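The chain contents come next:
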Amino acid sequence: MPRPDPDRPNRPPKTHTRPKTDRKEKVTPRGTPERRSKQASPRTPDRRSNQRASKHTSASTTERSSNVLSLDALAKLDALNEKDTVREKERVADRRAKEKVVTGRVLKERGKHRRRSGGQGHGGKRRVVSGPLAEEGKVMHRRGGYGSKDGGKRRFGKKFWWIVLISVAILIVIIAVVAVMVGKKGKGEGGNGGGSDSGADPANSNLAGISESDIPTAAKGSYFDPFTWYDTTDFNVTYTNDTVGGLPVMGLNSSWDDSTQANKNVPALDKEWAYGTMPIRGVNLGGWLSIEPFITPSFFNSYKENENIVDEWTLTSKLGPSQSAKMLEKHYALFVNAQTFKDIQDAGFDHIRIPFSYWAVTTYPGDPYVAKISWRYLLRAIEYARACGLRVNLDLHAVPGSQNGWNHSGRSGDIGWLNGTDGSLNAQRSLDIHNQLSTFFAQPRYAKVIAIYGLVNEPKMIALPTQTVIDWTTKAVGVVRKNGIKQNIAIGDGFLGLPKWQGKLEGVNGLILDSHPYTIFDPNLIVFPHQKKIQFACTSWSSQMKASLNTASGFGPTMTGEWSQADTDCALYLNNVGIGNRWTGTLNSADRSTAVLEPSCPKGSGSCSCAQANADPSTYSDEYKQWLMMNAMAQMSSFEKGWGWFYWTWVTESAAQWSWKAGMQAGTLPQKTWDRDFNCTTDVPDFKGLSETY
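J.: How should the nonpolar core be read in this particular structure?
T.: One broad rule of soluble globular proteins: the nonpolar side chains tend to lie buried together. Membership of the largest hydrophobic core comes to 165 residues, with the highest contact counts inside it found for Phe 441, Trp 658 and Trp 660. Apart from residues no more than four positions distant in its own chain, Trp 660 is found in contact with Ala 347, Phe 349, Trp 563, Met 636, Trp 645, Tyr 647, Thr 649, Trp 650, Leu 669, Pro 670 and Thr 673.

Printed below as a string of structure tokens:
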């Protein structure tokens, strides 16, 4: 995936097998699996992380506010109203007394009152003071209101306040009912969600076949409760808390079929693939289970710059566990679905790389990430791939501590894997995660559909000690092989350059070196004019792949796990949120040594602009479309000199030059991966009619 950093140069019968499970791992009151991570304060002083509220909120407050008044309460209210009526009569009498004072008859009237009631007025009740005392303002309080020196005018009596109290109570009930209705209507909707939020909510009709009572009390509200899932489409919703390697099998069906063929040019899943002879033609599902700002910028658009919401760590810290889980699960459900895999198959792909993050497996104290929900969608994705005959490259895209400090590792900033105070701890945690993952994926059901098992995406070996990474890799391979993984294992080249891998990890079989060549992140390559960029792809990358395959000059098996047809780094948030780009010289990195403040478009070509690169592809000139197509075909041709390639990526919200789907629609990428009219054997046009600055 792109780096935000400027420093890197007739079918057989179906197979029926029940998964071997860890029976001892049951959901009990002592250890109910949760969909949320534990609360803790994030580390590092220059990042903000909010305290997180509980994910599941009780409805008891709403229920209490919805209760109606009891009969007893109504009876008491009637009694109070009757007393108010008596007091009102007293007030009328008092006003009359005041009038008598004015006419000089007050003393006589007072005498009559004393003789009738022995000093008490109106049936033994204390009379309300009026007349001169009230006029002098000496009586300041009375039940249900107050008096003042305003000529004895009546203010707000007790009856008035009871009416106000009842009105407020009724209003609270109405508000509570409306809130509940709105809450139900909005269930499962995300907050700042991007293209993920478009589309109707899933019907979840398969829940009709089970009852909520089928879910044990201890499992209600947990990962194992399908009634809490936003999307149950194509999941087996029958309850089970069985696990393999400590990872849930719930959602999976007990049978599978590996007889599907992705297309006429490749073998079915249950047939052998001749790696090294038959090229991989694959695509990534970037920005799906591992969030990346430039792929789904709408997750980040609503925040102010000073809030520093730049990656999944800061995003989930800002939203809190409940809202994060709601928003991200909707993204998982809608951004990629069954149709996605059918479309990828129709485009001529035969492999698919699925990036996912360690929090699909677990989280650690202080992590704000949404734990485990993405695991369910990863398992469903593998089944969708199987149904389309697509072989899977599992890519652990983010490990504890961050292996490169870039946003797609989950957290931008420091590298905390194999480095820093917790470097060793996070190294062991990542080995533990691979212990769980490899145990799970060593099951027979994955033997044919999973073709490549990736250890860690893009470890930044230009910043980490090379030997430390090599040592960790050796341990990880040992863990994975011991648990039964027989597939090829992918290791990242760490941006060292392919030649530097010659002789490394000799004697460790079944490894593939994974390279991610992008011209636009290399300051020496982004300056090339259009013709030279294609020529470079045809010659340099082709020769590098050939050399890398030869163990005398390179590592051996080598593939291209990511690449793009883009010729600028202009896409919004491509380098990071709030960071500009090299093309126009606005890459205002906090690290002045890596900032690019001078335009990087071909020198001497005048002012550089991102307008054309970021424009709607339907507005591209024919010549620009021709160049984009030829640039892509040149790279495909070169990368197939190695083991093949995976395009980055299938779909984005707006970055068209990074989306194979958008490229097909725009006519800048082939409709079938093998349908090409350029393979680097003919001359490259000079593209003189195409501006080098846009």
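J.: Help me out: how do you make sense of empty space enclosed by the protein in this one?
T.: Rolled over the atoms, a probe with the dimensions of a water molecule shows which regions are left empty. Space inside the largest cavity adds up to approximately 90 Å³. Forming the boundary of the largest cavity are 13 residues, of which Thr 519, Ser 564, Ala 566, Asn 631 and Gln 635 lie nearest the centre. Contributing elements (two or more residues each) for the lining of the largest cavity: helix 11 (530-549) and helix 12 (622-639). A volume near 80 Å³ is recorded for the second largest cavity.

J.: Just to check I follow, could you spell out the side chain of Arg 445 for this structure?
T.: Residue position: Arg 445 is located in the loop between helix 9 (423-441) and strand 8 (450-454). Overall, Arg 445 belongs to the buried group, its relative accessible area being 3%. For Arg 445, the residues in contact, after removing those within four places along its chain, are Leu 252, Asn 253, Ser 254, Ser 255, Trp 256, Glu 383 and Arg 386.

J.: How do you make sense of the environment of Asn 457 when you look at a structure like this?
T.: Here Asn 457 lies in the loop between strand 8 and helix 10 (466-482). Separated by 53 residues in sequence, Asn 457 and Asn 404 have C-alpha atoms that sit 9.0 Å apart. One polar contact links Asn 457 to His 397, side chain to side chain, over a distance of 3.4 Å.

J.: What am I meant to see in the state of the cysteines here?
T.: Simply put, disulfide is the name for a covalent bond between the sulfur atoms of two cysteines. In total, this model carries three disulfides according to the counting rule given. One disulfide bridge connects Cys 538 with Cys 680, the sulfur atoms lying 2.1 Å from each other. Measuring handedness by torsion sign, the sulfur bridge of Cys 538 and Cys 680 sits at about -75 degrees and is left-handed. Residue Cys 538 is located in helix 11, and its partner Cys 680 is located in the segment after helix 13 (660-666); the two are separated by 142 residues in the primary sequence. Classification of Cys 538 as buried rests on a relative accessible area of 12%. A disulfide bridge connects Cys 601 with Cys 608, and the sulfur atoms are separated by 1.6 Å. Its S-S torsion of approximately -70 degrees makes the covalent link between Cys 601 and Cys 608 left-handed. Looking at Cys 601, the relative accessible area reads 3%, which means it is buried. When the bonded cysteines of the chain are numbered from the N-terminus onward, they pair as 1-6, 2-5, 3-4.

J.: I keep staring at the environment of Arg 380 and nothing clicks. Help me out?
T.: Its location among the elements puts Arg 380 in helix 8 (residues 373-387). Look at Arg 380 and you get buried, because its relative accessible area is 5%. For the pair Arg 380 and Asn 337, spaced 43 residues apart in sequence, the C-alpha separation works out to 9.0 Å. With residues up to four places along the chain from it excluded, the contact list for Arg 380 reads Asp 231, Thr 233, Asp 234, Phe 235 and Ala 333.

J.: Is there a simple way to think about the pattern of salt bridges in this case?
T.: Tallied over the entire structure, the rule returns 13 salt bridges. Ionic pairing is found between Glu 383 and Arg 445, a salt bridge with its closest N-O pair at 3.3 Å. Remark: Arg 445 occurs in the loop between helix 9 and strand 8 and Glu 383 occurs in helix 8; sequence separation between them is 62 residues. Between Arg 676 and Glu 640 there is a salt bridge whose closest N-O contact spans 2.4 Å. Of the two residues, Arg 676 sits in the segment after helix 13 while Glu 640 sits in the loop between helix 12 and strand 12 (644-647), which places them 36 residues apart along the sequence. Connected via shared salt-bridge partners are Asp 258, Glu 383, Arg 386 and Arg 445.

J.: Can you walk me through helix 12 in this structure?
T.: For an α-helix, the turn length of 3.6 residues means that residues three or four places apart are oriented alike. Over its 18 residues, helix 12 extends 26 Å from the first C-alpha to the last, a length consistent with the 26 Å expected when each residue adds 1.5 Å. Most of helix 12 sits inside the fold, with 14 of its 18 residues counted as buried.

J.: Is there a simple way to think about the packing of aromatic side chains in this case?
T.: Here the distance between the centres and the angle between the planes together describe a pair of aromatic rings. Summed over the entire model, instances satisfying the criterion amount to 38 aromatic pairs. Ring geometry for Tyr 223 versus Phe 224: centroids 5.6 Å apart, planes at 75 degrees, classification edge-to-face. Both residues of the pair, Tyr 223 and Phe 224, belong to the buried class. Consider the rings of Tyr 647 and Trp 660, whose centres lie 5.2 Å apart with planes at 75 degrees: the pair is edge-to-face. Within this pair, whereas Tyr 647 is found in strand 12, its partner Trp 660 is found in helix 13, the two being separated by 13 residues in sequence. One exposure class covers both Tyr 647 and Trp 660, and it is buried. One Lys or Arg, Arg 376, reaches over the ring of Tyr 223 and ends 5.1 Å from the middle of that ring.

J.: What's the story with helix 9 in this structure? I'm lost.
T.: The terminal C-alpha atoms of helix 9, which comprises 19 residues, lie 27 Å apart, in line with the 27 Å expected from a rise of 1.5 Å per residue. Here helix 9 has its buried residues at Gly 423, Asn 426, Ala 427, Arg 429, Ser 430, Leu 431, Ile 433, His 434, Leu 437, Ser 438, Phe 440 and Phe 441.

J.: Whenever I open this one, the pairing of strand 12 confuses me. Can you help?
T.: Working note: regular strand, side chains alternate between the two faces of the sheet. Residues Gly 644 and Phe 646 point to one face of strand 12 and Trp 645 and Tyr 647 to the other, with burial holding for every one of them. Across four bridges, the pairing between strand 5 (residues 280-284) and strand 12 is parallel. Across the sheet, residue Arg 281 finds its bridge partner in strand 12, namely Trp 645.

J.: Explain the packing of helix 9 against helix 10 here, please?
T.: Packed helices, taken two at a time, are described by the angle their axes make and the gap between the axes. Interhelical geometry of helix 9 versus helix 10 gives an angle of 25 degrees and a closest axis separation of 9 Å. As summarised for this structure, helix 9 and helix 10 are arranged roughly parallel, according to the angle between their axes. Handedness of the crossing formed by helix 9 with helix 10: right-handed. Each of Ala 427, Ser 430, Leu 431, His 434, Asn 435 and Ser 438 in helix 9 lies in contact with helix 10, whose residues at this interface are Trp 472, Lys 475, Ala 476, Val 479 and Val 480. Considered class by class, the residues forming the contact of helix 9 with helix 10 number six nonpolar, four polar and one charged.

Quick notes on the rules
Residues numbered from 1 in each chain as written. Predicted model: local features only at pLDDT ≥ 70, side-chain atom pairs only at ≥ 80, totals over all residues. Heavy atoms only, no water. Core = buried A, V, L, I, M, F, W, Y, C linked by side-chain atoms within 4.5 Å. Buried < 20%, exposed > 50% of the residue type's maximum accessible area, 1.4 Å probe, protein only. Contact = heavy atoms within 4.5 Å. 1 Å grid on protein atoms, 1.4 Å probe; cavity = no way out; pocket = protein on both sides within 12 Å on 5 of 7 lines; lining within 4 Å. Points joined across faces, edges and corners; volume = space filled by probe spheres on them. Helix = DSSP H or I, 4+ residues; strand = E, 2+ residues; numbered from the N terminus. Polar contact = N/O pair within 3.5 Å; in protein donor to acceptor, adjacent residues only side chain to side chain. Disulfide = S-S within 2.5 Å. Salt bridge = Lys/Arg side-chain N within 4 Å of Asp/Glu carboxyl O. Expected span 1.5 Å × (residues − 1). Phe/Tyr/Trp six-rings, centres within 6.5 Å; stacked < 30°, edge-to-face > 60°. Lys NZ or Arg CZ within 6 Å of the ring centre and 35° of its normal. Pairing = 2+ DSSP bridges. Axes fitted to C-alpha atoms, helices over the stretch in contact; angles between N-to-C directions. Parallel < 35°, antiparallel > 145°, perpendicular 65-115°, else oblique. Left-handed = near helix turned anticlockwise from the far one by under 90°. Nonpolar A, V, L, I, M, F, W, Y, C, P; charged D, E, K, R; others polar.

Everything listed is a geometric property; what it means functionally is a separate question.
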